[in-house]
Amino acid sequence: MYSSTGLDVWTMMNQVSASVDAVNLGQGYMSFPPRDFIKRAAQDAFVEDTHNQYAPPRGRQHLLDQIAPRFSQKFGRPIDSSSEVSIHAGANEALLSVFTAFLEVGQNQEAILIEPAFDQYTPNVIMAGGKPVYVPLRVATAKDPASEVISSSDWKLDMDELEAAISPKTRILVLNTPHNPVGKVFSRSELEAIADVSRRHNLLVVSDEVYEHLTYGAEHISIATLPGMWERTITVGSAGKLFGVTGWRVGWAVGPQDLIQPTLAAHTRIVFTTNTPLQEGVASAFKQAASNGFFDSQREEYQQRRNRLMEIFDDVGLPYVVPDGAYYLLVNAAAIKIPDTYEFPPFIEQRGPNFKLVYFFIKEFGVSGIPPTEFYSDEHKPLANDYIRFAFCKTDQGLEDASKRLQKLKQYLQS
């Protein structure tokens with residue numbers, strides 16, 4: 001599958017952005033430093049002599065002992081750090097380990113992906129020997145998203161469509177809440193409907209909850225807490241998203257022993273172990289965050305950034321999807337008229353209209369985003385052709401620079 005793989009969207013758009021010194025609101029990394037207590041936690045871990053050798057494949061006990069009680073409280077049940085948690089080289093590796101553990105090579109077993117789906121899901125499923133099957137969220141509102149602001153809660157999963165996608169070969173359903181890139185936080189009733197389908201069809205649910213602490217008024221509920229779902233759910237999390245340290249590459253999986261043990265076995269063969277000092281740094285950061293109010297203050301800061309980015313697009317006249325979670329804003333740019341004679345390089349031309357739209361934004365306005373069609377299968381890409389994903393995990397100055405540059409787009413709005 002890799003011999004024909006082109007340049008990934010992140011590298012491609014970062015290169016285009018660098019060519020014009022664009023304000024980068026594309027990739028979801030933080031353009032501001034972590035809090036001092038988080039950096040000190042890593043610094044202290046690095047200078048400790050016992051933190052420089054292999055960690056156990058399951059993870060350092062210090063970190064396991066921080067994660068288990070957090071999920072015990074969250075799930076309302078005791079979590080055993082010695083059998084129901086595994087530490088991974090980021091959430092992405094945790095996902096790959098789950099797929100590797102539970103999709104049998106050569107059996108054409110299927111994993112349901114809800115679109116838009118983070119672009120790592122599909123290759124991870126294929127690498128594990130599985131077959132991705134796609135079910136899209138669909139906008140269900142009387143409003144016109146091309147001209148009116150809508151809510152992330154307006155993006156709905158059609159349960160009949162989900163049922164129709166399930167076959168005797170379906171083994172896994174991947175859920176992402178809070179959702180990237182829509183910002184949807186699945187409601188209890190939506191999760192109950194998904195849980196009902198999962199129980200009836202005996203599906204393993206892989207719940208990607210890396211944005212669990214970044215919600216704005218909506219309640220984040222883990223599907224593992226619903227009746228009959230602990231037994232069939234693996235919940236995946238990320239220190240990179242929780243603490244704003246995406247380069248540390250520390251994640252985890254939580255679930256019953258009979259699901260975590262195969263996941264751990266796959267992890268041991270994929271990377272063997274996760275780096276020792278940053279596991280210790282994350283453990284220390286968790287311990288301090290429990291008493292310093294970090295997660296609440298972080299949420300407030302992100303909500304302010306979200307609100308500022310929405311104000312910027314209100315000002316220039318483009319509607320968007322109000323996110324209830326995560327740190328992305330989907331902007332509908334259908335009103336932008338790209339000149340018919342505008343020239344695109346071949347590597348953009350071949351990727352379709354959504355890539356052209358994002359390229360135009362970067363080159364002409366100096367603000368980068370990500371084409372969300374990259375989060376869709378070919379069949380469903382048209383659902384995202386008018387959207388651009390912008391990240392607001394950026395400095396206030398970066399957002400203000402984007403505001404100034406985006407004034408230029410007004411001249412390209414169709415009346």
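Residues numbered from 1 in each chain as written. Predicted model: local features only at pLDDT ≥ 70, side-chain atom pairs only at ≥ 80, totals over all residues. Heavy atoms only, no water.

Some words on the overall build of the chain
For the record, the criterion: A run of H or I in DSSP counts as a helix once it spans at least four residues, and a run of E counts as a strand once it spans at least two, with each numbered from the N terminus. This radius of gyration counts C-alpha atoms alone. The globule rule is 2.2 Å times how many residues there are, raised to the power 0.38. Three labels apply to residues, based on accessible area from a 1.4 Å probe with only protein chains included: buried if under 20% of the type maximum, exposed if over 50%, partly exposed otherwise in between. When checking whether two residues touch, look at their non-hydrogen atoms; a contact exists if any pair is within 4.5 Å. Each accessible area value is a Shrake-Rupley result obtained with a 1.4 Å probe; residue values ignore everything except the protein chains displayed when judging cover.
Per the secondary structure count, the chain includes 14 helices and 14 strands. Taken against the 2.2 N^0.38 rule, which gives 22 Å for 415 residues, the C-alpha radius of gyration of the chain at 21 Å falls within 12% of a compact globule. C-alpha atoms of the chain, sized along the principal axes, occupy 60 × 50 × 45 Å. Relative to its full complement of 415 residues, the chain shows a buried share of 57%. Taking the intrachain contacts of the chain between residues at least 6 apart in sequence as the baseline, contacts between residues at least 24 apart amount to 75%. Carbon together with sulfur atoms contributes 48% to the accessible area of the chain, which is approximately 16700 Å² in total.

Section: the sheet that holds strand 14 (residues 387-391)
The criterion, for reference: Should DSSP find at least two bridges between two strands, the strands are regarded as paired. Helix axes use the C-alpha atoms of the stretch in contact, all axes being lines fitted to C-alpha atoms, and the angles between their N-to-C directions lie in the range 0 to 180 degrees.
Taking strand neighbours across the sheet as the criterion, the four strands line up as 5-11-12-14 in an open arrangement whose pairing is mixed. Two strands lie at the open edges of the sheet, namely strand 5 (150-151) and strand 14, each paired on one side alone. Contacts from helix 11 (residues 294-316) reach strand 11 (320-322), strand 12 (328-332) and strand 14, with the element oriented near 155 degrees to strand 11.

Details of helix 14 (residues 396-406)
Selection rule: Here, the arc refers to the directions that run from the helix axis to the C-beta atoms.
Those residues of helix 14 lying buried are Gly 398, Leu 399, Ala 402, Ser 403 and Leu 406. Along the long axis of helix 14, the arc covered by the buried residues comes to 145 degrees, so they all point the same way. Those residues of helix 14 that are exposed and angled more than 90 degrees off the buried face are Asp 396 and Lys 404. Looking at the packing, one finds that the buried side of helix 14 touches strand 1 (23-24), helix 11, helix 13 (353-365) and strand 13 (367-368).

A word on empty space enclosed by the protein
The criterion, for reference: Throughout, the protein atoms alone are placed on a 1 Å grid, and a set of points is a cavity if a 1.4 Å probe fits but cannot get out or a pocket if it is open with protein on both sides within 12 Å along at least five of seven lines; lining residues have an atom within 4 Å of a point. Grid points are joined across faces, edges and corners, and a volume is the space filled by probe spheres set on the points. Basically, the charged four are Asp, Glu, Lys and Arg, the nonpolar ten are Ala, Val, Leu, Ile, Met, Phe, Trp, Tyr, Cys and Pro, and anything else, Gly included, counts as polar.
Under the counting rule described, the total for this entry stands at one cavity of 30 Å³ or more. The volume enclosed by the largest cavity comes to roughly 40 Å³. Lining the largest cavity, in full, are Leu 113, Ile 114, Ala 117, Tyr 121, Val 174, Leu 175, Asn 176 and His 179. Of the residues contributing to the lining of the largest cavity, the split by class is six nonpolar, two polar and no charged.

Some remarks on the pairing of strand 10 (residues 251-254)
Burial along strand 10 is two-sided: Gly 251 and Ala 253 facing one way and Trp 252 and Val 254 facing the other are all buried. As paired strands, strand 9 (residues 233-238) and strand 10 are joined by four bridges and run antiparallel to one another. When the sheet's bridge partners are listed, Gly 237 is paired in strand 10 with Trp 252.

A short note on the environment of Pro 136
Here Pro 136 is to be found in strand 4 (residues 131-139). Separated by 240 residues in sequence, Pro 136 and Tyr 376 have C-alpha atoms that sit 8.2 Å apart. Setting aside its immediate chain neighbours within four residues, Pro 136 contacts Glu 115, Lys 156, Leu 157, Glu 161, His 380 and Leu 383.

Overview of the nonpolar core
Our working definition: What makes a nonpolar core is a set of buried Ala, Val, Leu, Ile, Met, Phe, Trp, Tyr and Cys residues whose side-chain atoms join them at distances within 4.5 Å.
In this structure, Phe 313, Ile 336 and Phe 361 are the most contacted members of the largest nonpolar core, which totals 105 residues. With eight residues, helix 13 is the largest single contributor of residues to this core. Setting aside its immediate chain neighbours within four residues, Phe 361 contacts Leu 318, Ala 333, Ile 336, Gly 366, Val 367, Ile 388, Phe 390, Leu 406 and Leu 409. Residues Ile 67, Trp 230, Trp 252 and Phe 286 belong to the second largest nonpolar core, which totals 30 residues.

Here we look at the environment of Phe 99
Assignment of secondary structure puts Phe 99 in helix 4 (residues 91-102). Here the alpha-carbon distance between Phe 99 and Met 310, two residues 211 residues apart in the chain, equals 37 Å. Those residues in contact with Phe 99 that lie beyond four places of it in its chain are Tyr 121, Asn 124, Val 125, Ala 128, Ile 172, Val 174 and Val 206.

Structural notes on the packing of helix 3 (residues 61-75) against helix 10 (residues 276-292)
Each packed pair of helices is defined by two parameters, the angle between the axes and the distance between the axes. Which entries qualify depends on this criterion: The scheme is simple: roughly parallel for angles under 35 degrees, roughly antiparallel for over 145, roughly perpendicular for 65 to 115, oblique for anything else. With the far helix as reference, a near helix turned anticlockwise by less than a right angle produces a left-handed crossing, and one turned clockwise produces a right-handed crossing.
In the contact formed by helix 3 and helix 10, the axes pass within 8 Å of each other and the chain directions differ by 40 degrees. Relative to helix 10, helix 3 is oriented oblique. By crossing handedness, the relation of helix 3 to helix 10 is classed as left-handed. Contact residues: helix 3 offers His 62, Leu 63, Gln 66, Ile 67 and Arg 70, while helix 10 offers Gln 279, Glu 280, Val 282, Ala 283, Ser 284, Phe 286 and Lys 287. Split by residue class, the contact of helix 3 with helix 10 holds five nonpolar, four polar and three charged.

Details of the layout of surface pockets
Space inside the second largest pocket adds up to approximately 520 Å³. Phe 118, Gln 120, Tyr 211, Lys 241 and Arg 249 are, among the 24 residues lining the second largest pocket, the residues nearest its centre. Those elements that place two or more of their residues in the lining of the second largest pocket are helix 4 and helix 8 (239-243). A per-class count over the lining of the second largest pocket returns ten nonpolar, ten polar and four charged.

Considerations on helix 2 (residues 36-47)
Here is the rule we go by: Each helix should span, by expectation, one fewer than its residue count multiplied by 1.5 Å.
For helix 2, with twelve residues, the first-to-last C-alpha span of 17 Å sits near the 16 Å given by 1.5 Å per residue. If you check which residues of helix 2 are buried, you get Phe 37, Ile 38, Ala 41, Ala 42 and Ala 45. What you see down the axis of helix 2 is that its buried residues fit within an arc of 145 degrees, all on one side. Facing away from the buried surface of helix 2 by more than 90 degrees, the exposed residues are Asp 44 and Val 47.

Overview of the sheet that holds strand 6 (residues 155-157)
Sheet architecture is open: eight strands sit in the order 2-10-9-8-7-3-4-6, paired in mixed fashion. Sheet topology places strand 2 (85-88) and strand 6 at the edges, where each strand pairs with a single neighbour. Looking at each pair of strands side by side, their axes are set apart by 25 degrees on average, direction ignored. The pairing of strand 3 (residues 110-115) with strand 4 spans six bridges and is parallel.

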